[in-house]
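# Structural overview for review
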Amino acid sequence: MSEIDQTIANANVNSVLRLFLPEHLAATLMLAGGVTLYAVESYITATIAPSIVRDIGGLALFSWVTSLFVAAAVLGSIFVAMRPRGITLRGVYVIAALVFGAGSLVAAIAPSMPVVLIGRALQGLGTGALAALGYAFIRFVYPEPLWPKATTLYAAIWGISTVIGPTLGGFFASGSSWRYAFILLVPLGLVMAALAPRLLPEVEDDREQVKTPLAQIGLLLAAVLMISVAGAIAATAIKAALIAASLIAVSAMLLIETRSRNRLLPSGAVSLSKPISRVYLAMLAMTLVLVSDVFIPYFLQSLHGVAPLMSGYLVALVALGWTFAAFLSSSLSGRRAYAAIVAGALIETAATASLALLLARDNPQGHLPLIVPAAIAIFMMGFGIGLGWAHLVGMVLKLVASNEQDKASAAIPTMSSLGGAFGAAIAGVIANGAGLVEPGGVAGSIAAAHWLYAAMALPGIVAIAAAITLRDSRK
């Protein structure tokens, strides 16, 4: 890195540190703590899930450990915007922390997998709301210049969690020790609930008065559940059918949104003529592309002779790239922020597409000249999305009226969840259809890697197109 680049990076890090000044410190710890809880818990449970099955059985319900959590997290984020009148954002934080603690307790003492699933659903409700509150509180806690810095901090938390979560999960992966991974979270939820009234501001409820859009919520949850289950099913035909059904459910939800007075999303969110819809589309498409990294460890191990532990570290470069780029671009504004969004979409798409060549080759001896370019591309996948994500979030907060801010904020983690769920399932269909399972072996893996990452250029192009149209966006 040049001296100028280093100076810029240091300035951006220092600007993020402004979130920890005395006047912001308490709220920053609470909001970042909620996001951390969501991020770390997701990776810890993914690590200990096999241990749970070995200890108490329930293999047939294995995929629901994640599916129910994701669906409940979407519902939790929706609750932030659709909460009953009289419940403030601070009140939602208390409720969410208590629900998360209760879910952790249920999972910890569960005698069977169905009870674990109840606990995971409660955990998802709590952490989904906490993650959405991280965005909903931004406009009340920080001055506008610090909004992108807050989202940069959240990006850094997710990046760090991809390493910390599995590491912590590894400590609880033997025998019945997985129960302690949940037990330790119970007092944490209680402490967060107790501190929220003291450390978070009481803010005015400026939402418009509308009825709860039950039809849209039901269709969205059905879509998330189906696509999450699809991601865990090996049979390509069933997986494809579930993806198709999920798309139909999402389409029906969007159709109802265009005609209903009781909307789940902010005004204009389902009309491509409105800037806010293109911001959400860019978020969705960029997340969908990024989730194709789920197959990277497999291709590194099966084609390049990389050890399992090392392949895990290499795929963590995605998170490192996201975090580094988020800090690098956090101080950009105006045209430079717009340029960061477009450049980020271009970089992510190009890096992902390049893996169609860099990963799809037989390198059983693990020759570094073949692995290093792939590692750079993996890093640049995360770098691309990190470059513009905070500015996309900033646009969401600026493009909607004040009485729809909670809806707009809640939709941010919802778009991430949808993009992640659809991306994982679609990646599975493409890889399996290209030969990962049949014919399998080296030839099948090469074909699967080539077609998977070549196909991911398509949603990448959608993200680029959506980003380009945001140049002249105004509130």
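Residues numbered from 1 in each chain as written. Predicted model: local features only at pLDDT ≥ 70, side-chain atom pairs only at ≥ 80, totals over all residues. Heavy atoms only, no water.

- Going by what an unreviewed UniProt entry lists, the protein is known as MFS family permease and is assigned to Rhizobium binae.
- One UniProt comment on the protein, placed under Subcellular location (unreviewed entry), says "Membrane". (UniProt positions renumbered as here; feature names shortened; annotations may be inferred.)

### So, helix 4 (residues 89–109)
- Over its 21 residues, helix 4 runs 31 Å from end to end, which matches the ideal 30 Å to within 8%, given 1.5 Å per residue.
- Taken together, the buried positions of helix 4 are Leu 89, Arg 90, Val 92, Tyr 93, Ala 96, Ala 97, Phe 100, Gly 101, Gly 103, Ser 104, Ala 107 and Ala 108. An end-on view of helix 4 places all buried positions within 165 degrees of arc, on one side of the element. (Helix = DSSP H or I, 4+ residues; strand = E, 2+ residues; numbered from the N terminus. Expected span 1.5 Å × (residues − 1). Buried < 20%, exposed > 50% of the residue type's maximum accessible area, 1.4 Å probe, protein only. Arc of directions from axis to C-beta.)

### What to know about a nonpolar patch on the surface
- On the surface, a nonpolar cluster with roughly 450 Å² of combined accessible area is contributed by Ile 160, Val 163, Ile 164, Leu 168 and Phe 171.
- Within the element layout of this structure, Leu 168 appears in helix 7 (residues 147–171).
- On the accessibility criterion, Leu 168 (33% relative accessible area) is partly exposed. (Patch = residues over 30% accessible without salt bridge, like charges linked within 9 Å, V, L, I, M, F, W, Y side chains within 5 Å. Areas by Shrake-Rupley, 256 points an atom, 1.4 Å probe, with all protein chains shown as cover. Salt bridge = Lys/Arg side-chain N within 4 Å of Asp/Glu carboxyl O.)

### Focus on the nonpolar core
- If you look at the biggest cluster of nonpolar residues, it comprises 127 residues, and the most contacted ones within it are Tyr 142, Tyr 280, Ile 296, Phe 299, Leu 355, Leu 359 and Tyr 453.
- Here this core takes 14 residues from helix 17 (residues 368–399), the largest share from any one element. (Core = buried A, V, L, I, M, F, W, Y, C linked by side-chain atoms within 4.5 Å.)

### Points about the packing of aromatic side chains
- Scanning the entire structure with this criterion turns up 10 aromatic pairs.
- An angle of 85 degrees between the planes, with centres 6.1 Å apart, marks the rings of Trp 178 and Phe 182 as edge-to-face. Note that Trp 178 and Phe 182 are positioned in helix 8 (residues 178–183) at a spacing of 4 residues, about one turn of the helix. In this pair, the class of Trp 178 matches that of Phe 182, namely buried. (Phe/Tyr/Trp six-rings, centres within 6.5 Å; stacked < 30°, edge-to-face > 60°.)

### Describing the environment of Phe 172
- The topology assignment puts Phe 172 in the loop between helix 7 and helix 8.
- Between the C-alpha atoms of Phe 172 and Ser 277, which are 105 residues apart in sequence, the distance is 42 Å.
- Among residues more than four places away in sequence, those in contact with Phe 172 are Ile 48, Ser 177, Trp 178, Tyr 180, Ala 181 and Leu 184. (Contact = heavy atoms within 4.5 Å.)

### Focus: the pattern of salt bridges
- Evaluation of the coordinates by the stated rule reveals 6 salt bridges.
- Across the salt bridge formed by Arg 90 and Glu 202, the nearest N and O atoms sit 2.8 Å from each other. Linking Arg 90 in helix 4 with Glu 202 in the loop between helix 9 (185–199) and helix 10 (214–231), this pair joins segments that are 112 residues apart in sequence.
- The partner of Asp 406 in a salt bridge is Arg 139, and the shortest N-O contact between them spans 3.8 Å. Of this pair, Asp 406 sits in helix 18 (residues 405–434) while Arg 139 is found in helix 6 (residues 138–141), placing the two residues 267 residues apart along the sequence.
- Taken together, the shared-partner salt bridges connect Arg 83, Arg 139 and Asp 406 into one network.

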